[in-house]
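The chain contents come next:
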Amino acid sequence: MKENLVKNKLENGEAAVGVWLSLGSPNIAEYIANFELDWLCVDTQHGLFGHNQVIRSFQAISKTGTVPIARVASNERFLVNKLQDAGTMGIIFPMINSKKEAEKAVDYALHSPKGSRSCGGARQKLYSDKKSFESFSQWVDEETLIIVMIETAQAVKNAESILSVEGIDACFIGPRDLATSMETKVGSKLHENAIMKTLEASKKKGVPAGIYCFTGAEEANKRLEQGFQLISIASDTALIGSSIHRINEELKL
Ligand code: 3PY
Ligand code: MG
């Protein structure tokens, strides 16, 4: 991996489509990574991943053209660095509610002078042909994707100031937590207005926006038309669950 193709697509105004992994299975990661998606997200905030399964999933994904990214369990330096050592090329930070929290995310993910990432990198070094640590750290900082999740009412209110933080490559809306925080339902008018407000803030700040889609191509196409660039089209659990459900519904028992 000489360059982060998802980062390139976002910078060029193109869409990058991926799938969310929750089941903690490197075998599922390997399988799905061969479907020519732009990215796969190993979710360590929710889901079933132990750290060895994270490493084995990145080993499988990085053999394909799909970019390995991860959602960190929470905005902590040690957790971010462990995912980077394991080989992620993008970090999704959940529950970023303020400019200060966004600054912390950038600080943990990038080396000096842009941040204060601790020197390590283990598996990330396998992606790069840089010989010295200095050239590796410069390369990895350029190729790292930093994505902040906007998924509370407070984050929507602060979206413009969050997205003014230098080093943030994209924001990503978590519809379920957003609905919970707003005490409304996914899909309500109130909820949709908050999504649109975040999208407007992202356009104003020139930072690409992404969103988690739950119901398939129609929803994903609508979000693409609205101008979302980072689209999660499904999760491993949803793909398995919806297939079984559909077949069961059609069975003539
Ligand atoms: C949410 O909907 O809150 C999410 O975080 C999606 O992963
Ligand atoms: Mg969430």
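Higher on the page you've got the structure.
Just so you know, these numbers come straight off a predicted model, no measurement behind them.

### A word on the side chain of S57
At step 1: Looking at the element boundaries, S57 is found in helix α3 (residues 51–61).
At step 2: Looking at S57, its side chain comes within polar contact range of the main-chain oxygen of Q53, at 2.7 Å.
At step 3: Setting aside anything within four residues of it in sequence, one finds S57 in contact with S25, P26, A29, V42 and F49.

### What to know about the coordination of the magnesium ion (ligand 2)
At step 1: The protein atoms that coordinate the magnesium ion (ligand 2) are E151 (OE) and D177 (OD), at distances of 2.1 Å. Of the two residues, E151 sits in the loop between β5 (145–150) and α7 (153–157) while D177 sits in helix α9 (residues 175–182), which places them 26 residues apart along the sequence.
At step 2: For E151, a relative accessible area of 2% puts it in the buried group.
At step 3: By relative accessible area, D177 is classed as partly exposed at 27%.

### What about the packing of α9 against helix α10 (residues 189–205)?
At step 1: Taken N-terminus to C-terminus, the directions of α9 and α10 make an angle of 120°; their axes are 10 Å apart at the nearest point. Between α9 and α10, the interaxial angle falls into the category oblique. For the crossing formed where α9 meets α10, the hand is right-handed. Seen from α9, the contacting residues are P175, L178, A179 and M182; seen from α10, they are L190, H191, A194 and I195.
At step 2: Class assignment for the residues of the contact of α9 with α10 results in seven nonpolar, one polar and no charged.

### Brief notes about the nonpolar core
At step 1: Within the largest apolar cluster, 70 residues are counted, with the highest numbers of intra-cluster contacts made by L21, W39, F93 and L230.
At step 2: At six residues, the largest contribution of residues to this core is made by β5.
At step 3: Setting aside residues no more than four positions away along its own chain, W39 makes contact with V6, A16, V17, G18, V19, W20, T66, V67, I69, L230, I231 and S232.

### So, the packing of aromatic side chains
At step 1: Enumeration over the complete set of coordinates arrives at seven aromatic pairs.
At step 2: Aromatic pair F133 and F136: ring centres 5.8 Å apart, planes at 55°, arrangement tilted. With a gap of three residues between them, F133 and F136 both fall in helix α6 (residues 133–143), about one helical turn apart.
At step 3: Residue classification places F136 among the buried positions, given a relative accessible area of 2%.
At step 4: Look at Y212 and F214: their rings are 4.9 Å apart centre to centre, the planes differ by 50°, and that puts the pair in the tilted class.
At step 5: The class of Y212 is buried, set by a relative accessible area of 14%.
At step 6: In this structure, K125 is placed above the aromatic ring of F136, and the distance from its NZ or CZ to the ring centre is 5.6 Å.

### So, the site of ligand 1
At step 1: Residues in close proximity to ligand 1 include W20, R71, M149, E151, G174, P175, R176, D177 and Y212, which together make up its full environment.
At step 2: Between ligand 1 and E151 there is a distance of 3.1 Å, counted from an oxygen atom to a side-chain nitrogen or oxygen.
At step 3: Within the backbone of P175, an N or O atom sits 3.2 Å from an oxygen atom of ligand 1.
At step 4: Among the elements that line the shell around ligand 1, the one with the most residues is α9, at three residues.
At step 5: For the shell around ligand 1, the residue count by class is four nonpolar, one polar and four charged.

The rules behind each value
Each chain carries its own residue numbering, running from 1 in the direction its sequence is written. Chain A is the first chain written and ligand 1 is the first ligand written, with later ones labelled in order. Given that the model is predicted, a residue must reach a pLDDT of at least 70 before its local features are reported, and side-chain atom pairs must reach 80 or more before they are shown or counted; all residues, however, enter totals for whole chains, interfaces and linings. Heavy atoms throughout the structure, all of them, feed into the side-chain values; hydrogens and water do not. Numbered from the N terminus, helices here are DSSP runs of H or I no shorter than four residues, and strands are runs of E no shorter than two. Polar contacts, as used here, are pairs of N or O atoms within 3.5 Å; protein pairs need one atom able to donate a hydrogen and one able to accept it. Residues neighboring in sequence count only if both atoms are side-chain atoms. Whether two residues touch is decided by their heavy atoms; if any such pair falls within 4.5 Å, the residues are in contact. Only nitrogen, oxygen and sulfur atoms qualify as donors, provided they sit within 2.8 Å of the metal or within 3.2 Å for Na, K and Ca; with water excluded from the atoms, sites may seem incomplete. Only protein chains enter the accessibility calculation, which uses a 1.4 Å probe. A residue is then buried if its area is under 20% of the maximum for its type, exposed if over 50%, and partly exposed in between. Angles here are taken between N-to-C directions and fall from 0 to 180 degrees, while the axes themselves are lines fitted to C-alpha atoms, restricted in helices to the stretch in contact. Angle categories: roughly parallel below 35 degrees, roughly antiparallel above 145, roughly perpendicular from 65 to 115, and oblique for all the rest. Handedness of each helix crossing follows the sense of rotation of the near helix against the far helix: counterclockwise by less than a right angle gives left-handed, clockwise gives right-handed. Amino acids are sorted into nonpolar (Ala, Val, Leu, Ile, Met, Phe, Trp, Tyr, Cys and Pro), charged (Asp, Glu, Lys and Arg) and polar (every other residue, Gly among them). Throughout this description, the term nonpolar core refers to a set of buried Ala, Val, Leu, Ile, Met, Phe, Trp, Tyr and Cys residues connected via side-chain atoms within 4.5 Å. Between the rings of Phe, Tyr and Trp (Trp by its six-membered ring), a pair exists once the centres lie within 6.5 Å; its type follows the angle of the planes, with under 30 degrees stacked, over 60 edge-to-face, and the other angles tilted. Criterion for a charge above a ring: Lys NZ or Arg CZ within 6 Å of the ring centre, and within 35 degrees of the ring normal. A cutoff of 4 Å decides nearness: a residue is near a molecule or strand if any of its heavy atoms lies inside that distance of it.

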